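Analysis of the macromolecular model
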Amino acid sequence: MASLWPLEGKDLSGGVGTVAESVLNIYLNGGATTFSAHVGADDCKRDSKRTSVEFFVIGDGKQLWRSGVMHANDAAKAFEVSVAGVNQLLLKVGDADDGNNDDFADWADAKFETTIAKTFKTGGEPVAAPVAPYILTPAAPPTPRINGANVFGVRPGSPFLFTIPATGDRPMEFSAANLPSGLILDKRTGQISGTLQSKGEFVVTLGARNSLGSAEKQFRIVCGDTIALTPPMGWNSWNCFAHMVSADKVKSAADAMVRSGLINHGWTYINIDDFWENHIPTSEKDVQDLVKPFRDEKGFIVSNARFPDMKGLADYVHDRGLKIGLYSSPGPTTCGGCAGSWMHEAQDAQTYAKWGFDYLKYDWCSYGDVTSGIIANPLNVPVRKNSKNDDFAIYPYKVMGGFLRDQNRDIVFSLCQYGGNDVWKWGGAVHGTCWRTTGDVNDSWRSIKEIGFYQDKAAPYAKPGNWTDPDMLIVGWVGWGRPHPTSLTTDEQYTHISLWCMLAAPLLIGCDMTKLDDFTLNLLANDEVLAVDQDELGKQATCAIKVSEIGNRIADLRVYEKELADGGRAVAFFNLGTEQVNFEFNDFTKLNLSGKKAVRDLWRQQNIATLNTAKDSLPLPIPGHGVLLYKFTTTK
Ligand code: GLA
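Here's a quick rundown of the structure. Please read all numbers here as calculations on a predicted model, not as lab measurements.

Time to look at the state of the cysteines. For the structure shown, the criterion picks out one disulfide. One disulfide bridge connects Cys335 with Cys365, the sulfur atoms lying 1.9 Å from each other. With the S-S bond torsion at -95°, the cross-link from Cys335 to Cys365 turns out left-handed. In this pair, Cys335 sits in the loop between β23 (323-328) and α4 (345-355) while Cys365 sits in the loop between β24 (359-363) and α5 (367-371), placing the two residues 30 residues apart along the sequence. Accessibility expressed as a relative area gives 16% for Cys365, which makes it buried. This cysteine, Cys416, is not joined by any disulfide, and Cys335 carries the nearest cysteine sulfur, 6.6 Å off. A residue is classified by how much of its surface remains accessible, and Cys416, at 1% relative accessible area, is buried.

Given below as structure tokens:
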């Protein structure tokens, strides 16, 4: 905070310059009494008609101060607020809901007053999680309830593992009537395992019983060519641990998946991202211990010292009824500088299967050096300059997709190349299960907005076995090696989870699973919300309506609609503006809704209205950056 910021012609020292939308996350840990600053549009866009920003000071989830919309040439505003007792302070700059053209904004002359002589942490671990203002998900009943997808895909000959996800008091006894031969059920754990030898479709009646009651559910097992008939759900190490991941942390995540009860809602995969492999020589202290040969003398990949026993780790995860994933790149090195699969693809696919892995995220990274001719290309793979079409980009995924398919194991193939070359058009043809469509997500509203609301182009290609991937979840404690509570507000988190479910996205929790709080669990354990993601029709929602004005006021509402297998429709009303709106909605035809409909609020799990769509309207109080997620069902 030493630079000078030319704000309103004055040089005010001690501040930060940002571009809307931005958020600074400061951990005061209760150590400050007041915070003061001058705020305003930066002088570099003097006279711009496009500059419009708004400043917010938020302490432990409560708004302490807001500036109102400020334009270029407006006088700087000074303020002082009490921050006594505040643990987490967020300094946000909004774009005043009109995009961020020329939105350069300064926090200048910023000062904290403190009663104690110590410095604040601007990273690291705060003493308390941020306030979790409201929980919507009702607690699951103590009686048994079977949750999760209604369908499961497996290939003939592959090991079968499915754990019946059921909430309710334990002990619980499970049953599975009409289980095809080759599969067995462990009645105590609900784990179904074995192998199916030939293709076919089997309808099984799953059952769960405890001392308070019992539940049943029809469940379809489809033995064929396609796996992941609903989007994969699980956890990935990257967004919380990044280069600091270890086998112990992965085991803790698996344990927490069970202990927290999330496994009972269908959460399945425990995925190791980058840094299970050895690393190239580096001066980075954190990963010096990983600077070892990538492969053994026969060319097989070896894991690094933090992952001494990959097979043992996979067994550990499977024993808990979960599945396990890992990560590589088609290039010689991964994005983090670890071993990639270049020229060892077949061996790597065999190794993953031998160890017992169920999921591979395959990240472009250094493969750009192959396609641009920077590194030797003895196999003569397609390179960019000789390619008339996208074959140079498709090729590495086709190679690995083929090798994975050759294994006697079902391995989800997650394509990660940030949406280049319209991956959604060819990802399925290279045996991809899902494909990232953008760069990396982070825990800011801007990131959620710029990634989440720009997925329509990929929607026509999403279907059972092929999913659009807008990147992993960023609720809970995230932070890429230095975990902190997510910087998203409560409503932004509801938006994030609702939108990802509407998009039928793979759901990979990105937080430290050992630090799950009640609010985060409420976001991840709502079975009616998760059912939207896991719907067996496999449709990706698209934006059906944009509302840019309500009354005479500028607004930014997006209404997403998703057709469901039971004939109902999920509709998400998102408010991208910062203020709550109260909107009377009656544009039902644009949502393909007609006749009489029952409306259910999925977060609250409550029926809220019965409507005649021809003449009634629906009042929508939508919080700023928040959402209402409803299901419409035909009724008499
Ligand atoms: C890329 C990916 C991330 C993560 C890192 C690992 O940035 O997009 O999701 O896998 O690489 O280095």
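Let's shift gears to the site of the ligand. The ligand sits among Trp238, Asp273, Asp274, Tyr327, Cys335, Gly336, Lys361, Asp363, Cys416, Tyr418, Arg436 and Asp440. Between the ligand and the protein, one listed contact pairs an oxygen atom with a side-chain N or O atom of Asp363 at 2.9 Å. With respect to the ligand, the side chain of Asp440 contributes an N or O atom lying 2.5 Å from an oxygen atom. Computed on the free molecule, the ligand has an accessible area of 310 Å², of which 93% lies beneath the protein chains in the complex. Of the residues assigned to the shell around the ligand, the class counts are five nonpolar, one polar and six charged.

Under the criterion given, the structure shown has 30 aromatic pairs. An angle of 85° between the planes, with centres 5.7 Å apart, marks the rings of Trp276 and Trp355 as edge-to-face. Of the two residues, Trp276 is situated in the loop between β22 (269-271) and α3 (310-319) and Trp355 in helix α4; the sequence distance between them amounts to 79 residues. Each of the two residues, Trp276 as well as Trp355, counts as buried. When the centroid spacing of 5.6 Å and the interplanar angle of 85° are considered together, the rings of Tyr362 and Tyr397 count as edge-to-face. Pair noted here: Tyr362 is in strand β24 and Tyr397 is in helix α6 (residues 391-406), with a separation of 35 residues, a long-range link. Like Tyr397, Tyr362 is buried. Through successive ring pairs, a cluster of aromatic residues spans Phe573, Phe583, Phe585, Phe588, Tyr630 and Phe632.

Cut-offs used in this document
Residues numbered from 1 in each chain as written. Predicted model: local features only at pLDDT ≥ 70, side-chain atom pairs only at ≥ 80, totals over all residues. Heavy atoms only, no water. Disulfide = S-S within 2.5 Å. Helix = DSSP H or I, 4+ residues; strand = E, 2+ residues; numbered from the N terminus. Buried < 20%, exposed > 50% of the residue type's maximum accessible area, 1.4 Å probe, protein only. Near = heavy atom within 4 Å. Polar contact = N/O pair within 3.5 Å; in protein donor to acceptor, adjacent residues only side chain to side chain. Areas by Shrake-Rupley, 256 points an atom, 1.4 Å probe, with all protein chains shown as cover. Nonpolar A, V, L, I, M, F, W, Y, C, P; charged D, E, K, R; others polar. Phe/Tyr/Trp six-rings, centres within 6.5 Å; stacked < 30°, edge-to-face > 60°.

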